[in-house]
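This is what each chain is made of:
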Amino acid sequence: ARKSALKVGTDRRPVMRAVQQLFLSGGEAEERELAAIARDGDVGSRFYAALYLSLYHESLGDQAAAEARMREAVDTDYARGGG
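By convention here, each chain's residues receive numbers from 1 onward along its written sequence. At least 70 in pLDDT is required for a residue's local features to be given in this predicted model, at least 80 for side-chain atom pairs to be given and counted, and no such filter applies to totals for whole chains, interfaces and linings, which use all residues. Think of the side-chain values as coming from all heavy atoms in the structure, minus any hydrogens and water.

(A) Molecular detail of the environment of Met70. Helix numbers and strand numbers start at the N terminus; a helix is a DSSP run of H or I with at least 4 residues, a strand a run of E with at least 2. Take Met70: it is sitting in helix α4 (residues 63-74). Taking C-alpha positions, Met70 is 8.2 Å from Leu55, a pair spaced 15 residues apart along the chain.

(B) Spotlight on the packing of aromatic side chains. Only Phe, Tyr and Trp rings take part, Trp by its six-membered ring, and two of them pair if their centres are within 6.5 Å. Stacked means planes under 30 degrees apart, edge-to-face means over 60, and tilted covers everything else. Scanning all chains against the criterion turns up four aromatic pairs. Here the aromatic rings of Phe47 and Tyr48 are separated by 4.9 Å at their centres, their planes lie at 80°, and the arrangement is edge-to-face. Take Phe47: its relative accessible area is 14%, and that puts it in the buried class. Note on Tyr48: relative accessible area 29%, which makes it partly exposed. A network of ring pairs unites the aromatic residues Phe47, Tyr48 and Tyr78 as a single cluster. In this scheme, a residue with accessible area under 20% of its type's maximum is buried, one over 50% is exposed, and one in between is partly exposed, where area comes from a 1.4 Å probe on protein chains only.

(C) Highlighting the pattern of salt bridges. By salt bridge we mean one thing: a side-chain nitrogen of Lys or Arg within 4 Å of a carboxyl oxygen of Asp or Glu. Applying the stated criterion across every chain yields a total of seven salt bridges. Of the charged contacts, one joins Arg32 and Glu28 as a salt bridge, the two residues approaching to 3.9 Å between their closest N and O atoms. With Arg32 and Glu28 both in helix α2 (residues 28-40) and four residues apart, this pair spans about one turn of that helix. Just as Arg32 is exposed, Glu28 falls in that class too. For the salt bridge of Asp77 with Arg80, the shortest nitrogen-to-oxygen distance reads 2.7 Å. Sharing partners across several salt bridges, the network here consists of Asp75, Asp77 and Arg80.

(D) Summary view of the packing of helix α1 (residues 14-25) against α2. To obtain each axis, a line is fitted to C-alpha atoms, and for helices this fit is confined to the stretch in contact; angles are then taken between N-to-C directions over 0 to 180 degrees. Close contact between α1 and α2 brings their axes to 9 Å; oriented N to C, the two are set at 150°. Accordingly, the angle class assigned to the pair α1 and α2 is roughly antiparallel. Considering only the axes of α1 and α2, their crossing is left-handed. On α2, the residues that touch Pro14, Val15, Ala18, Val19, Gln21, Leu22 and Ser25 of α1 are Glu30, Glu31, Glu33, Leu34 and Ile37. Residue classes follow a fixed rule: Ala, Val, Leu, Ile, Met, Phe, Trp, Tyr, Cys and Pro count as nonpolar, while Asp, Glu, Lys and Arg count as charged, and any other residue, Gly among them, counts as polar. Tallied by class, the residues present in the contact of α1 with α2 amount to seven nonpolar, two polar and three charged. These descriptions rest on fixed angle ranges, namely under 35 degrees for roughly parallel, over 145 for roughly antiparallel, 65 to 115 for roughly perpendicular, and the rest for oblique. Handedness of a crossing follows from how the near helix is turned relative to the far one, being left-handed for an anticlockwise turn of less than a right angle and right-handed for a clockwise one. Contact criterion: two residues are considered in contact whenever any of their non-hydrogen atoms come within 4.5 Å of each other.

The following block contains the structure:
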């Protein structure tokens, strides 16, 4: 699937650039980078990083990690309307 991945232009949002890199490469370094944004980014970036990490883990069949990241995403201020 990565060989046929949609190529998009450079996104101005660092979190979305990190998401694209993770989905294109599937590398541990890219996953750590996105996890760091989920932990330390601004309110919106934390939400989107955790959301896309959840989707990434789901695509790998890791339901436990996917659920944990989704819970992390919905527990952000952004998801609760405070962002």
